[in-house]
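Reading the structure
One letter stands for each residue in the lines below.
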2 protein chains.
Amino acid sequence: MTAEIPQWDVFEAAFRASPPGNPFTDVSFGATFRLGHRAVAVRGFYDGDDTFRVRFMPDTPGEWRYETSSDLEALNGLTGSFVCAPPLPNTHGPVQTTGTFHFAYADGTPYRPIGTTCYAWTHQEDALEEQTLRTLAQSPFNKIRMCVFPKDYDFNRNEPPRYPFEQSETGEWDFTRFHPAFFRHFETRVRQLRDLGIEADIILFHPYDRWGFARMPAEVDDRYLRYLVARLAAYRNVWWSLANEFDIMDSKTDTDWERIFRIIQQEDPCQHLRSIHNCVRWYDHGKPWVTHASIQSSDLYAIPRWRDQYRKPIVVDECCYEGDIHWLWGNLTAEQMVNRFWIGTVGGGYVGHGETYLHPEEILWWSKGGVLHGGSPPRLAFLKQVLDAAPPGHLEPLNDRWDHRVAHIGEEYYLYYYARRQPAQDLYHLPETHAYQADILDVWNMTMTPVEGRFRGKFMLKLPGKPFTAVRFQRVAL
Amino acid sequence: MTAEIPQWDVFEAAFRASPPGNPFTDVSFGATFRLGHRAVAVRGFYDGDDTFRVRFMPDTPGEWRYETSSDLEALNGLTGSFVCAPPLPNTHGPVQTTGTFHFAYADGTPYRPIGTTCYAWTHQEDALEEQTLRTLAQSPFNKIRMCVFPKDYDFNRNEPPRYPFEQSETGEWDFTRFHPAFFRHFETRVRQLRDLGIEADIILFHPYDRWGFARMPAEVDDRYLRYLVARLAAYRNVWWSLANEFDIMDSKTDTDWERIFRIIQQEDPCQHLRSIHNCVRWYDHGKPWVTHASIQSSDLYAIPRWRDQYRKPIVVDECCYEGDIHWLWGNLTAEQMVNRFWIGTVGGGYVGHGETYLHPEEILWWSKGGVLHGGSPPRLAFLKQVLDAAPPGHLEPLNDRWDHRVAHIGEEYYLYYYARRQPAQDLYHLPETHAYQADILDVWNMTMTPVEGRFRGKFMLKLPGKPFTAVRFQRVAL
């Protein structure tokens, strides 16, 4: 009997061996997967307990065969096969870039990120982590930014339950020995996100560190990257975010980041999305190994300019967070967060959420997860609903009239957003050759009001004269 | 008996003469006013009805003597005198620049502009104009932008009751003959503003024109400028705004504007403030004949940068208007208008108001005056009250932390403004050597709540966690 693996799910093969020396460093192990003329070489990994594993995400139905290779006799030349069956329902494959500025799943279904941020949610107690998953399941979020390494920062002084490396009795890290339980836990959370339809934007390095993980030698970084990619690349919802605020990690240079990009690019058989997140100084997202721009900025109106500059999807995954802490990046109102999402959306880009309300037990969503307290998530769900109802294609910014912005999908669909302005009317100029139906959206109060009649060409429309108004025109049969 | 004129009021002498030819163009007429060693030459003007006048605003108490000069025998060598008495109560003289970035009246009293805009209010029927004056008297506004010439634009298609030039039977303007009734009317309104304590920011040219006043020959412009200055310079509340949106007046070049600045500078014995207002392209406010920057922009956070650039007071007199029309510059919410005033204030600059709500009879405050409909004026009155209660000196921006801004007056006074952010606490760092009392201001709801205790050095303060919060620290005795 041959195993059946649905397309874009994880095939895993495990092999037992007891090599002499350190199995993390002294053994090479991998497998080549073949279908027809294709051959995909994949690195395996040591998972503790004399167990070596190799994982593979089949992207094409059919019978895949594999053969292992290793410098350890017992792990070399082992073969097997499995059948890649059609995908499970609601499975669309890994997300890729499309149409220069946008994203789609491998099967062509548009993917429009409505991301959030819980940097250290996998480093908490189980009950809190499970609460986070339940919250996410009810939320509009379909992407989450999360760190591999634990976090040391305000409101984040607790020790994590697990560490990525073995520790000696005197407290020194043995950087040559990974702690498989740490990674098993982390990948369980990634898989649970996958099963909720949520992309895991995995942050490989970050500066908020008291353990030394931000300042490891280059060879340790590289081994860690190869190990992590071997374990995680087969999960279809993985994105690689090389760092959070890379520019304040003073132990790494631009040359280091380039090497890290190259390793990820070489190791990942699925070519998951790759980017790197700035604090003050930006990475040059125009470089060919960057698949999309991952930006920290409050200037959402600049997205069309950045599109022109990078010719890639623009994700402003940090535009400050809804909350009330004193840090400048953590006290947006819910209105501001929602407004920034809409400005980014009609600018042809994508925006990320985070939440930082003071909490008696220091459980702030942006870092530890838990429950959401803010006013923006239901409004972001409304935005998602509007986007999901759009015709095929992607929103492109049409023009740039101060803070009144318009996006469109060809001549099928126009979305005006007035932000905080309160016009009681506006003058529109749509194609003369089609007819359109209009809806007036209150993006804060989450209402959608159809306007009577059909519209074409140049016309004035009465508007509510209130902030947070959007107007949607959808082409209808003449 | 010698006439007594309070300091900074208008002395006027009138003389009758019936010259042959055109008294507007064929007669030179003026007077020199002397006090002690000072001699001030002032141009006079023909006011119709065989009457020539000369006006003078004495800036120094004492007995002033004058002697006329003219190429017309009957107007030459006439002498007289008056006594300049102490100023009337609440009279502080013309406004001048002070301390690089600010304004003060001639007697040293700080002047903090809270300006508004009624471009064409002097070109309406008397009842409406008088209503405008009553509205202004109740308002916080102490400066108004207003055009000399009538205005042709959306919501402004009515003919004005008067024109500045004589018109032939066939409708052609005689640019060599002013219409004194037009100017008498205009200066009456300027004088009424003066008596309300309101500076008249007089716009000499503007592009919104169907009569030809935006495209007169240079010699007509020059004669008009000399005539206007002769009539108006003696009113202490006059400011010269060379143009509204000078950069879209395609009949005038930068050389023309330079000539116009020079004429105003040469003709005005009081050296009233001079600036010029942009649409898209800015005038170089660094030029020596510009006394302050008069800016159209929505980027209030840039004021500290413009201060550094121009080293002059920054007045953003147009940051869009509160209203609900479809034009992009005319549909701010009241919150946005108030927010922009506060951002500008803590940035060490000054902001202007305008209002453009749709009106069944097209009476929009921004152009015709009338009554105010918006929500910002009471909040601007609150801002004015806060500013009036500040210690001597002027607010200078202290730092530039994203959109949290702080202004201070030495170590006496600190004003934090959080705009739309909602921190529930903030960390302050005041001088260790003084003690401060704190007040929390809700600039939208117009409340001021003293915080218990005295503060110094570094400390955390609880805040309301609501937008539109300001915090004021005032030094108190130790």
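Residues numbered from 1 in each chain as written. Chains lettered and ligands numbered in written order. Predicted model: local features only at pLDDT ≥ 70, side-chain atom pairs only at ≥ 80, totals over all residues.

1. Points about the relation of the copies chain B and chain A
- Screw-axis analysis of chain B against chain A gives a translation of 0.0 Å along the axis, an RMSD of 0.1 Å, and a rotation angle of 180°. What the rotation and shift describe, once combined, is the action of a two-fold rotation axis.
- A shared binding surface is used by both copies, with 100% of the interface residues of chain B retained as interface residues in chain A. (Least-squares fit on C-alpha atoms with pLDDT ≥ 70 in both. Contact = placed C-beta atoms within 7 Å.)

2. Considerations on unusual backbone geometry
Residues and elements named next belong to chain B.
- Here Glu245, not a glycine, exhibits a phi torsion of approximately 50°, which is positive.
- Along the chain, the position of Glu245 falls in the loop between strand S17 (238–243) and helix H4 (254–267).
- Taking the number of C-beta atoms within 10 Å as the measure of exposure, Glu245 has 19 and is therefore partly exposed.
- Unusually for a residue other than glycine, Phe468 sits at a positive phi of about 65°.
- Looking at where Phe468 falls in the secondary structure, it is placed in the loop between strand S30 (458–462) and strand S31 (469–476). (Helix = DSSP H or I, 4+ residues; strand = E, 2+ residues; numbered from the N terminus. Buried ≥ 20, exposed ≤ 12 C-beta atoms within 10 Å, placed from the backbone.)

3. Thoughts on the interface of chain B and chain A
- Contacts between chain B and chain A engage 22 residues on the former and 23 residues on the latter.
- Among the elements that line the side of chain B that touches chain A, the one with the most residues is strand S27 (residues 425–429) of chain B, at 3 residues.
- Class assignment for the residues of the side of chain B that touches chain A results in 9 nonpolar, 8 polar and 5 charged. (Nonpolar A, V, L, I, M, F, W, Y, C, P; charged D, E, K, R; others polar.)

4. A word on the confidence of the model for chain A
- On average, residues of chain A carry a pLDDT of 96, and 99% of them reach 70 or more.
- The ipTM assigned to the predicted complex is 0.89, against a pTM of 0.93. (pLDDT = per-residue confidence, 0-100.)

5. Re the domain arrangement of chain A
All names here are of chain A.
- Here the domain parsing of chain A yields domain 1 (3–85), domain 2 (95–374) and domain 3 (402–476).
- Taking only C-alpha atoms, the centre of domain 2 and the centre of domain 3 are 35 Å apart.
- Counting from both sides, the interface comprises 10 residues of domain 2 and, opposite them, 12 residues of domain 3. (Domains from an automatic or database assignment.)

6. Thoughts on H4(B)
- A rise of 1.5 Å per residue sets the reference length of H4(B), with its 14 residues, at 20 Å; its end C-alpha atoms lie 20 Å apart and thus fit the reference within 8%.
- Where the residues of H4(B) are buried, they touch helix H3 (218–232), S17 and strand S18 (274–275) of chain B. (Expected span 1.5 Å × (residues − 1).)

7. Overview of the sheet that holds strand S1 (residues 3–6) of chain B
All names here are of chain B.
- In space, the 5 strands of this open sheet follow the order S1-S8-S7-S3-S4, with mixed pairing throughout. Edge positions in the sheet fall to S1 and strand S4 (38–43), since each has one partner strand and no second. Geometrically, the sheet is characterised by an average inter-axis angle of 30° between neighbouring strands, direction not taken into account.
- Two elements, strand S3 (residues 29–35) and S4, share 6 bridges in a ladder whose sense is antiparallel. Within S4, the position partnered with Thr32 by the bridge is Ala41. (Pairing = 2+ DSSP bridges. Axes fitted to C-alpha atoms, helices over the stretch in contact; angles between N-to-C directions.)

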